[in-house]
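Structural features, examined
Listed below are the residues making up each chain.
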Amino acid sequence: MRSMQEVELVHGVSVCKLLEPIAARCGFHVALTGGTLYKQGARKDIDVILYTHNGGELDERQLGIFLSKLHEVRIRVNSQWSRVIKLVWKRDPLTVISIDLIIPQIDGDYPE
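In short, a report on the structure. Residue numbering note: each chain is counted from 1, following its sequence as written. In keeping with the predicted nature of the model, local features appear solely for residues at pLDDT of at least 70, side-chain atom pairs appear and are counted solely at 80 or more, and the whole-chain, interface and lining totals rest on all residues. Only hydrogens and water are set aside when side-chain values are computed; all heavy atoms of the structure are taken into account.

1. Some details on the packing of aromatic side chains
Stacked, edge-to-face and tilted are the three classes for Phe, Tyr and Trp ring pairs, Trp counted by its six-membered ring, which pair at centre distances within 6.5 Å; planes under 30 degrees apart are stacked, over 60 edge-to-face, the rest tilted. Tallying each qualifying case throughout the model produces 1 aromatic pair. Centroid distance Phe28 to Phe66: 6.2 Å. Interplanar angle 65°. Geometry classified as edge-to-face. Taken together, the residues span a long stretch of sequence, with Phe28 in strand E2 (residues 28–33) and Phe66 in helix H3 (residues 60–69) at a distance of 38 residues. Comparing Phe28 with Phe66 shows no difference in burial state: the two are buried. By the criteria applied, helices consist of DSSP H or I runs no shorter than four residues and strands consist of E runs no shorter than two, each listed in order from the N terminus. Each residue is placed in one exposure class: buried if its accessible area under a 1.4 Å probe, protein chains only, is under 20% of its type's maximum, exposed if it is over 50%, and partly exposed if it falls in between.

Okay, here's the thing in structure tokens:
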């Protein structure tokens, strides 16, 4: 049975290390943010910001390529809410970790 694991800073760093090489090949970088970074104790998910190199325009084609390559590190897209893309990392056969990928260059609100 799979369970959604609570996460701590070490998980956030691990996710960023998995995402950054793929992001860099597509013209992006990632940054850890949210409660996992600045609050004590376990959290329900990991918040990661995806941003373009040098603050340039968002290339939607490159974003699509980035998202299509996430399977290489056992991460899949679960859903998208305008600027927030919900990802799931299958850390091992029994454990999955929830990731909110935040793309500030996309307009829209996220329903809390």
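2. Let's talk about the pattern of salt bridges
When a carboxyl oxygen of Asp or Glu is within 4 Å of a side-chain nitrogen of Lys or Arg, the pair counts as a salt bridge. For the structure shown, the criterion picks out 3 salt bridges. When the shortest N-O distance is used, the salt bridge between Arg25 and Glu72 registers 3.3 Å. Here Glu72 lies in the loop between H3 and strand E4 (75–81) and Arg25 lies in helix H1 (residues 9–25), a separation of 47 residues in the sequence. For Glu72, a relative accessible area of 44% puts it in the partly exposed group. The salt bridge partner of Lys44 is Asp45, with a shortest N-O separation of 3.1 Å. Since its relative accessible area comes to 62%, Lys44 is described here as exposed.

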